[in-house]
Amino acid sequence: MDRAIKLQLSTSEMNYFPDEVIEHIFDFIPSHRDRNSISLVSKSWHKIERSSRHQVFIGNCYAISPERLIRRFPCLRSLTLKGKPHFADFNLVPHEWGGFLHPWIDALSKARVGLEELRLKRMVVSDESLELLSRSFVGFKSLVLVSCDGFTTDGLASIAANCRNLRELDLQENEIDDHRGQWLNCFPDSSTTLVSLNFACLKGETNLSALERLVARSPNLKSLKVNRAVPLDALTRLMSCAPQLVDLGVGCYENEAEPESFEKLMAAIKKCTLLRSLSGFSEVAPICLTAFYPICENLTSLNLSYAAELQGNHLIEFVQFCKRLQLLWILDSIGDRGLEVVASSCKELQELRVFPSDPHDEEDNNTAVTEVGLVAISAGCPKLHSILYFCKQMTNAALITVAKNCPNFIRFRLCILEPNKSDHITSQSLDEGFGAIVQACKGLRRLSVSGLLTDKVFLYIGMYAEQLEMLSIAFAGDTDKGMLYVLNGCKKLRKLEIRDSPFGNAALLADVGKYETMRSLWMSSCEVTLGGCKRLARNAPWLNVEIINENENGRMERNEEDEREKVDRLYLYRTVVGTRKDAPPCVTIL
Amino acid sequence: MSGFRDVCSSSGSVNVMIGVSSPAEGEDDNAAAAALSSEDSSSPDETVAGTELDLALGLSIGLNRSRNHSSKVRSFSSSLLASSSSSSPARESGTKRSADSSAAASKGQVAVGWPPLRTYRINSLVNQAKSLPTEDGLSSNIQKDTATKNGVVAAKNDEVGFIKSPMLVKVTMDGVIIGRKIDLNAFDSYEALAKTLEQMFFHTPSSLTTTRCKETRGASELLDVSSEYIITYQDKDGDWMLVGDVPWLMFLGCVKRLRIMRRSGETGGGK
């Protein structure tokens, strides 16, 4: 039967079912995008969908207001919010730019939403917000904060003390002011529900006995990531009372491990037969890694990217036994040889990230990874689909080989440390190499390009990268044509971020409607002018066009500004709630 | 919020806390030792964006501060960028225009936020205390200018004469679990260094060191021959040497880390 008719019939048939049944059917569809599609089918489906929606993902907290969110989804239980644009990670966005959590908590609290989970990325969180959160939602279970800032351990104390059903407290790479208080003590003795606790990013001391007691009374604890202040013997004790751990984050400074404490550690580790994921290891002596040999065959996830003390040979010795590894984050000190070992040992590898141990190339170090390592990985790991690779040199030939070996890439991010660096053998641009990647990897959703690149690479991207959703460009391209190829070609593009590239008003203004299909556009140190941005803002009232000024001393004087003045940082995004009211002086919203 | 603090502090139970008292731990040593920016380093929003870094030579990260003296940077770095690898005129003008956010005095350092690594990650690399020779003040400036949270000193350009940026090395002591970090550039002699080490390791509350260490307090003068302890350092070649034998500046040039050893451990060579 014709599919369209089938759908029509089934919709109308379905409407004979009571709402609860339809709701139940919708429960089997967790994907946000599918749920969004469902809500567009008909008015009744829209109504049913919204009242049964429990999980909402908001990629840009300024695209919608908390009040509208709650009106539409009153049964909200799990909320994910993202604040600052991605380049805020690299200090290109002033701290006070925005992304404040408080209005959201305030609104959710007032509306008595039954919030259970909150996941935040690049938001500004205050202790007051955390306290309000902890008091407002009785069933609150899970708090995940990634790259957030603005709060202190006092805020954590309120969460610990008031969230009686807390299962997950996961702090990833946040800037937290550590008051060295007793926040761990604030978990009441009756609190036994913890499943996941990650405080690796805390800089201060840790109350070890409070931690040990907490772990001892949390039989469901599966994931524990401690910070640097937890020394080896404490770690041993923790592991001994939590042999059920699946995910462990180690972080201790140990000058030399005494033989006895090392033995004890190994014994404790041996008992952790469920351990699958290992991370941390900042400032550890190599010997600490060897203690994990007994379980390394079980590991599916290994993050040694903070272990700058470990040298290539230590890493290789360990990784070669991790036959079941699916995720590996490592430093480039592993070298090409190390990656060859990974390629031959880790056949299940799906995601690889290689970070630079010497980002500014200060040491005269020739042991870091090159294109050779990348090719080896692509040849040896058939399941590889995500890669982030920092290196000092690359060639088109290598990229072409990688593309041939690995057509399954979903995420491909290559960062050659020196901007505009050409193919180090042929001295040509890397257009052909990246072109091969986009042509071969039909499912590519995320791409970051680097090295010497002309407009041609963007022609390729526009032509071939049909599934591309996020593109990061730095120091690339020659003319506006480059950006236009991308805007015109990549139909599924959602996020475009560009820095230090010669794209200007012509590219920016060519197709204003395109930005309605995208979440956001970032352009910094490009050729767009104030006049161009103003024109854009005039033609697209449903966009917030933000200019972030260098000089934070005040808003631009309207009469004095020169329309030909180049804009230092432009960030635009679609929104249904208009201009935001919380922008700081350094941000001008046109 | 103060309510919570009260609750926490009056919890009463005896808690063993292993750590170090103020000036806190390694990272705060940066703040203490470095020529501070006027940004308060204890503010919660200690992202690098809040770090004062006025650079002519080296990485300019404090772009968003009004104190950013970008004009000097503009001309200097544009000429540098122009001489870097093949760039078409279009690109050159593009990057030249962005030179106010760029400064490059050595290979690899080009612009704010490049390479694209989270502050958190960059800090973790810096805190591995790679020390650099200060004869080549330029490169030491550059390396330390991959800013830490607490503010790395500004390196003014050669008109003014450069201020040394912090040279961080790890210091460990036998019997003490958690090491410290100090800025060797804050000292001008072995005496000054020894005094500070004494302060750090011997005049601290007892909870911080093991009982063994507490008993043997006979280290009033670390450099004294009669002292219970000796200071040693690991040099570039990985060898452990006694501190004090070579001229101070030469010492700065080759020291990688420090260790305060019990004198009896000298022959044993540690574990």
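Residues numbered from 1 in each chain as written. Chains lettered and ligands numbered in written order. Predicted model: local features only at pLDDT ≥ 70, side-chain atom pairs only at ≥ 80, totals over all residues. Heavy atoms only, no water.

We count it as follows: UniProt positions are given in the numbering used here, feature names are shortened, and annotations may be inferred rather than shown by experiment.
Labelled according to an unreviewed UniProt entry, chain B appears under the name Auxin-responsive protein, originating from Brassica napus. Under the UniProt heading Function (unreviewed entry), the note attached to chain B is "Aux/IAA proteins are short-lived transcriptional factors that function as repressors of early auxin response genes at low auxin concentrations." Recorded under Subunit (unreviewed entry), the UniProt text for chain B is reproduced unchanged: "Homodimers and heterodimers."

Chain A is annotated in an unreviewed UniProt entry as F-box domain-containing protein from Brassica napus.

1. Comments concerning the packing of aromatic side chains
This is how the line gets drawn: For this analysis, a ring pair means two rings from Phe, Tyr or Trp (six-membered ring only for Trp) whose centres lie within 6.5 Å, classed as stacked if their planes differ by under 30 degrees, edge-to-face if by over 60, and tilted for the remaining angles. Accessible area is worked out with a 1.4 Å probe on protein chains only. A residue is then buried under 20% of its type maximum, exposed over 50%, and partly exposed in between. Working definition: helices are DSSP H or I runs of at least four residues, strands are E runs of at least two. Numbering for both runs from the N terminus. Only Lys NZ and Arg CZ are tested; either one counts as a charge over a ring when it is within 6 Å of the ring centre and within 35 degrees of the ring normal.
Counted according to the given criterion, the structure contains 24 aromatic pairs over all chains. Pairing Phe 409 of chain A with Phe 412 of chain A gives two aromatic rings, centres 5.1 Å apart and planes at 65°, and the pair type is edge-to-face. Taking the relative accessible area as the measure of exposure, Phe 409 of chain A reaches 1% and is therefore buried. Between the aromatic rings of Phe 458 of chain A and Phe 503 of chain A, the centroid separation amounts to 5.7 Å while the plane-to-plane angle is 80°, which identifies the pairing as edge-to-face. Highlighted residues: Phe 458 of chain A in helix H18 (residues 455–464) and Phe 503 of chain A in the loop between strand E20 (495–499) and helix H20 (505–509), separated in sequence by 45 residues. Neither residue differs from the other here; Phe 458 of chain A and Phe 503 of chain A are each classed as buried. Among the aromatic residues, ring-to-ring pairing joins Tyr 62, Phe 87, Phe 90, Trp 97, Trp 522, Tyr 571 and Tyr 573 of chain A into one connected group. Seen from the ring of Tyr 306 of chain A, Arg 121 of chain B lies directly overhead, with NZ or CZ sitting 4.3 Å from the centre. Across the ring face of Phe 355 of chain A, the terminal group of Arg 121 of chain B is positioned such that the distance to the ring centre comes to 3.5 Å.

2. Focus: the sheet that holds strand E5 (residues 240–242) of chain B
Residues and elements named next belong to chain B. Formally: Pairs of strands are assigned from DSSP output, requiring at least two bridges between the strands. Only the contacting stretch of a helix is used when fitting its axis, a line to C-alpha atoms as for every element, and angles between N-to-C directions run 0 to 180 degrees. We call two residues in contact when some of their heavy atoms are within 4.5 Å.
Reading across from one edge, E3-E2-E6-E4-E5 is the order of the five strands in this open sheet, with mixed pairing throughout. Pairing within the sheet leaves two strands with one partner each, and these edge strands are strand E3 (180–183) and E5. Averaged over all pairs of adjacent strands, the angle between strand axes in this sheet comes to 30°, irrespective of strand direction. Where strand E4 (residues 229–235) meets E5, three bridges bridge the pair, whose relative direction is antiparallel. If you follow Thr 232 over to E5, its bridge partner there is Leu 242. The strands that helix H7 (residues 190–202) touches are strand E2 (168–173), E3, E4 and strand E6 (255–262); relative to E3, the one it contacts most, it runs at about 155°.

3. Here we look at the packing of helix H17 (residues 431–440) of chain A against H18 of chain A
All names here are of chain A. The criterion, for reference: Any angle that is under 35 degrees is reported as roughly parallel, and any over 145 degrees as roughly antiparallel; angles of 65 to 115 degrees are reported as roughly perpendicular and all others as oblique. Charged means Asp, Glu, Lys or Arg here, nonpolar means Ala, Val, Leu, Ile, Met, Phe, Trp, Tyr, Cys or Pro, and polar covers whatever is left, Gly included.
Where H17 contacts H18, the axes come no closer than 9 Å and their chain directions differ by 5°. Our classification of the angle between H17 and H18 gives roughly parallel. Facing Asp 431, Glu 432, Phe 434, Gly 435, Val 438 and Gln 439 of H17, the residues of H18 in contact are Lys 456, Val 457, Tyr 460, Ile 461 and Tyr 464. Classifying every residue of the contact of H17 with H18 by side-chain character gives six nonpolar, two polar and three charged.

4. A look at the side chain of Asp 149 of chain A
Residues and elements named next belong to chain A. Rules: Within 3.5 Å is the distance limit for a polar contact, defined as a pair of N or O atoms, with the added protein rule that one can donate a hydrogen and the other accept it, and that residues adjacent in sequence qualify only through two side-chain atoms.
Here Asp 149 lies in strand E5 (residues 149–152). When its relative accessible area of 4% is taken as the criterion, Asp 149 is described as buried. Polar contacts involving the side chain of Asp 149 include one to the side chain of His 95, which spans 2.7 Å.

5. Focus: the nonpolar core
Keep this limit in mind: Put simply, buried Ala, Val, Leu, Ile, Met, Phe, Trp, Tyr and Cys residues joined by side-chain atoms within 4.5 Å make one nonpolar core.
Leu 79, Leu 197, Phe 292, Phe 412, Ile 461 and Leu 508 of chain A are the most contacted members of the largest nonpolar core, which totals 186 residues. By size, the runner-up hydrophobic cluster in this structure holds 26 residues, among which are Val 171, Ile 182, Met 200 and Leu 252 of chain B.

6. Here we look at the pairing of strand E21 (residues 520–524) of chain A
Residues and elements named next belong to chain A. With five of five residues buried, E21 is to be regarded as a mostly interior element. Here E21 shows two buried faces, one formed by Ser 520, Trp 522 and Ser 524 and the other by Leu 521 and Met 523. In this structure, E20 lies alongside E21, joined through five bridges in parallel fashion. When the sheet's bridge partners are listed, Glu 497 is paired in E21 with Trp 522.

7. What to know about unusual backbone geometry
The peptide bond linking Trp 114 of chain B to Pro 115 of chain B adopts the cis configuration, its omega dihedral lying at -5°. Counting through the fold element by element, Pro 115 of chain B comes out in the loop between helix H4 (89–97) and helix H5 (119–126). If you check the backbone angles, Ser 147 of chain A has positive phi at about 50° while not being a glycine. Note that Ser 147 of chain A resides in the loop between strand E4 (142–146) and E5. Judged by its relative accessible area of 14%, Ser 147 of chain A is buried. Despite not being glycine, Ser 427 of chain A shows a phi value in the positive range, around 60°. Along the chain, Ser 427 of chain A falls in the loop between strand E17 (411–416) and H17.

8. A short note on the pairing of E20 of chain A
Along any regular strand the residues' side chains alternate between the sheet's two faces. All names here are of chain A. This is how the line gets drawn: Handedness rule for crossovers: strands pointing away from the viewer, path from the first strand over the helix to the second running clockwise, crossover right-handed.
Across the five residues of E20, five count as buried, placing the element largely inside the fold. Across the two faces of E20 the burial is the same, with Lys 495, Glu 497 and Arg 499 and Leu 496 and Ile 498 all buried. Sheet topology note: the strand E19 (residues 470–474)/E20 ladder contains five bridges and is parallel. If you follow Ser 472 over to E20, its bridge partner there is Glu 497. Crossover E19 to E20 through helix H19 (residues 480–489) is right-handed.

9. Details of the UniProt feature "domain: F-box" (unreviewed entry) in chain A
Within this numbering scheme, the UniProt entry marks residues 17–58 of chain A as carrying the feature "domain: F-box" (unreviewed entry). With 60% helix and 10% strand, residues 17–58 of chain A has its two end C-alpha atoms placed 31 Å apart.

10. Some words on the pattern of salt bridges
Residue and element names in this part refer to chain A. The condition is simple: Think of a salt bridge as a Lys or Arg side-chain nitrogen and an Asp or Glu carboxyl oxygen that are within 4 Å of each other.
Tallied over the full model, the rule gives 29 salt bridges over all chains. Among the ionic pairs, Arg 135 bridges to Glu 131, the shortest N-O distance being 3.0 Å. Linking Arg 135 with Glu 131, this pair stays in helix H7 (residues 127–136), spanning four residues, or about one helical turn. Here Asp 247 makes a salt bridge to Lys 225, at a shortest N to O gap of 3.5 Å. In this pair, Asp 247 sits in strand E11 (residues 247–250) while Lys 225 sits in strand E10 (residues 223–225), placing the two residues 22 residues apart along the sequence. On the basis of relative accessible area, Asp 247 is assigned to the buried category, the value being 15%.

11. A short note on the environment of Asn 313 of chain A
Structurally, Asn 313 of chain A is set in helix H13 (residues 312–319). Spatially, the C-alpha atoms of Asn 313 of chain A and Phe 355 of chain A are 17 Å apart, while their sequence positions differ by 42 residues.

12. So, the environment of Phe 292 of chain A
All names here are of chain A. Note on placement: Phe 292 falls in the loop between helix H12 (286–290) and strand E13 (301–303). Note on Phe 292: relative accessible area 1%, which makes it buried. Spatially, the C-alpha atoms of Phe 292 and Lys 47 are 53 Å apart, while their sequence positions differ by 245 residues. Those residues in contact with Phe 292 that lie beyond four places of it in its chain are Met 239, Leu 248, Val 250, Ile 269, Leu 278, Phe 281 and Phe 318.

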